[in-house]
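# Coordinate inspection notes
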Amino acid sequence: MRIGIPRAFLYYHYFALWRVFFTDLGCEVVVSPPTGRSILERGLTAAEDESCLPVKVAYGHVVALAGKVDYVFLPYMKSVEAKRYLCPKIIGLPDMIAHNLSGLPPLLRPEVNAYAGPDGAERAYLAVGAQLGFPRERCREAYRCGAAAQQEFRRLVEEGFLPEEAYARLEGREVALPAAPRGAIAVIGHSYLSCDSFVTMDLVGRLREAGYRVLISDSLPAAEVDRQAERLSKDMFWSFGRRLMSAGFHFGTRDDVRGVILLTAFSCGADSMVEPFIVHAAAGKPFLNLTVDEHSGEAGLVTRLEAFLDMIERRWSA
Ligand code: SF4
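Residues numbered from 1 in each chain as written. Predicted model: local features only at pLDDT ≥ 70, side-chain atom pairs only at ≥ 80, totals over all residues. Heavy atoms only, no water.

### What to know about the overall build of the protein
Heads up, the condition is: Numbered from the N terminus, helices here are DSSP runs of H or I no shorter than four residues, and strands are runs of E no shorter than two. We compute the radius of gyration from the C-alpha atoms alone; for a globule the expected value is 2.2 Å times N to the 0.38, where N is the number of residues. Partly exposed describes any residue whose relative accessible area lies between the buried limit of under 20% and the exposed limit of over 50%, with all areas from a 1.4 Å probe on protein chains only and scaled to the type maximum. We call two residues in contact whenever any of their non-hydrogen atoms come within 4.5 Å of each other. The charge count includes Lys and Arg as positive and Asp and Glu as negative, but it does not include His or the ends of the chains. A charged residue contributes its charge at one atom only: NZ of Lys, CZ of Arg, CG of Asp or CD of Glu.
Secondary structure summary: the protein contains 13 helices and ten strands in total. The globule rule puts the C-alpha radius of gyration for 318 residues at 20 Å, and the 19 Å found for the protein is close to it. With the principal axes as the frame, the protein shows a C-alpha extent of 65 × 40 × 40 Å. Burial statistics for the protein: of 318 residues in total, 53% are counted as buried. For the protein, long-range pairs separated by at least 24 residues make up 74% of all intrachain contacts whose partners lie at least 6 apart in sequence. Measuring between centres, the 36 positive side-chain charges of the protein sit 2 Å from its 39 negative side-chain charges.

### Side note on empty space enclosed by the protein
If a probe the size of a water molecule is rolled over the atoms, the empty space left behind becomes visible. Using the following cut-off: Cavities and pockets were defined on a 1 Å grid built from protein atoms only: a cavity is a group of points that admits a 1.4 Å probe but offers it no way out, a pocket is an open group of points flanked by protein on both sides within 12 Å along at least five of seven lines, and a lining residue is one with an atom within 4 Å of any such point. Grid points are joined across faces, edges and corners, and a volume is the space filled by probe spheres set on the points. Residues were grouped as follows: Ala, Val, Leu, Ile, Met, Phe, Trp, Tyr, Cys and Pro as nonpolar; Asp, Glu, Lys and Arg as charged; and all remaining residues, including Gly, as polar.
Scanning the model with the defined rule gives three cavities of 30 Å³ or more in all. Along the wall of the largest cavity there are 14 residues; nearest its centre are Phe9, Leu10, Leu74, Pro75 and Leu93. If you list the elements that add at least two residues to the lining of the largest cavity, you get helix H1 (11-24) and helix H4 (88-100). No other element matches H4, which puts three residues into the lining of the largest cavity. Of the residues assigned to the lining of the largest cavity, the class counts are 14 nonpolar, no polar and no charged.

### A word on the sheet that holds strand S8 (residues 213-216)
Pairing between the strands of a sheet comes from backbone hydrogen bonds, and it takes one of two forms, parallel or antiparallel. Keep this limit in mind: The rule for pairing is simple: two strands pair if DSSP sees at least two bridges between them. Helix axes are fitted only over the stretch in contact, all axes being lines through C-alpha atoms; the angle between N-to-C directions runs from 0 to 180 degrees.
Taken together, four strands build an open sheet; the order of strands is S8-S7-S9-S10 and the sheet is parallel. In this open sheet, the two edge strands, each paired with only one partner strand, are S8 and strand S10 (287-292). Taken over all neighbouring pairs, the strand axes of this sheet differ in orientation by 25° on average, direction set aside. Sheet topology places strand S7 (residues 184-188) next to strand S9 (residues 257-265); five bridges connect them, and they run parallel. When the sheet's bridge partners are listed, Ile185 is paired in S9 with Gly259.

### Here's the deal with helix H6 (residues 136-159)
Applied cut-off: For a helix, the expected span equals 1.5 Å multiplied by the number of residues minus one.
A rise of 1.5 Å per residue sets the reference length of H6, with its 24 residues, at 34 Å; its end C-alpha atoms lie 35 Å apart and thus fit the reference within 8%. All buried positions along H6 are accounted for by Cys139, Ala142, Tyr143, Gly146, Ala149, Gln150, Phe153, Leu156 and Val157. Buried residues along H6 sit against H1, helix H5 (120-131), helix H7 (163-170) and S8.

### Some words on unusual backbone geometry
Despite not being glycine, Phe9 has its phi angle at roughly 45°, a positive value. Structurally, Phe9 is set in the loop between strand S1 (2-5) and H1. Positive phi outside glycine occurs at Lys83, with the angle close to 65°. You can see Lys83 is positioned in the loop between strand S4 (76-79) and H4. Lys83 gets classed as exposed once you look at its relative accessible area, which sits at 63%.

### Here we look at the sheet that holds strand S5 (residues 107-108)
Spatial ordering of the open sheet is given by S2-S1-S3-S5, a layout of four strands whose pairing is parallel. Two strands lie at the open edges of the sheet, namely strand S2 (28-31) and S5, each paired on one side alone. In terms of strand pairing, S1 meets strand S3 (residues 71-73) through two bridges, oriented parallel. Paired with Gly4 across the two strands is Val72, which belongs to S3.

### Regarding the domain arrangement of the protein
Here is the rule: What counts as a domain boundary in this text is fixed by an automatic or database domain assignment. For this document, the term salt bridge refers to a Lys or Arg side-chain nitrogen within 4 Å of an Asp or Glu carboxyl oxygen. Two N or O atoms count as a polar contact when they lie within 3.5 Å, although within protein this holds only if one can serve as hydrogen donor and the other as acceptor, and sequence-adjacent residues are included solely when both atoms are side-chain atoms.
What the domain assignment lists for the protein is domain 1 (2-170) and domain 2 (184-317). Inter-centroid distance (C-alpha atoms) of domain 1 to domain 2 is 25 Å. Taken together, the contact between domain 1 and domain 2 spans 33 residues of the former and 30 residues of the latter. In this assembly, domain 1 and domain 2 are joined by three salt bridges. For Arg84, the salt bridge identified is with Asp235, shortest N-O distance 2.8 Å. For the pair domain 1 and domain 2, the interface holds ten residue pairs in polar contact (both at pLDDT 80 or more). Where the side of domain 1 that touches domain 2 is concerned, the elements lending two or more residues are H1, helix H2 (37-46), helix H3 (53-65), H4, H6 and H7. Per-class residue counts for the side of domain 1 that touches domain 2 are 17 nonpolar, five polar and eleven charged.

Here's what the structure looks like:
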């Protein structure tokens, strides 16, 4: 059985678990190719105009799997921790795709809902395994192995590897962190945006090439996210927005962080709420606010990035 996984959205967070779960069950996992012009074009044609860029990109990745797999795995990721939810566009994506697109392989759409209880995630994988005809105990064992791989993935990301680099290491490929003689720059943004080198015009690669270590918001351990979130007078119920805000508080005050980049998607309602907090938290450090959409051009990014790096040079050499 060939299970297709779109290289979009929660792929950047949970692929370690998904890959091990399905391969342990004896399935072949097929990931859509890295985002490129044709995937983006297909997404733009298929998705609703008012969607944010990551939704359009996700559409393109699902379309890219059509005809190549027996199923597409597109879980309803409602909640990944107690008392918090993900963005409604992430939750609604499987329904939007099922209703808007035709000619796709059958979608596997289990509900991952940690809000409903501590075993909310495991139940989703047992359900999808049952749908594919595997015995419950075998699914449970595959899920346990997947959860262990997920823990190892988290450890690698906290060490500084990007999600794709961590996946490569989990598959036994050699990946080393590049030298960073100029210090660290924090890139605060959702990994499905900051780690997609096509939509960001290789922002992370350019920073690394300039000699900086890149710290993404997902490299923050969960305990630090919780600790920083205590600064808010009211807890935030969006898991990802809460993480971005905590990353702003954390990196905004860390001495080894030379500058902060806030990366958002045009028309993202959730990020427009957290943005002022992050701008405030990073006050005093060189700061670059980048918003991307499907019309963003490379020349604009390069000019702004160069100005930002110049600002850092002047600040820290003064
Ligand atoms: S958080 Fe923003 S960028 Fe992410 S899916 Fe929701 S609207 Fe889109």
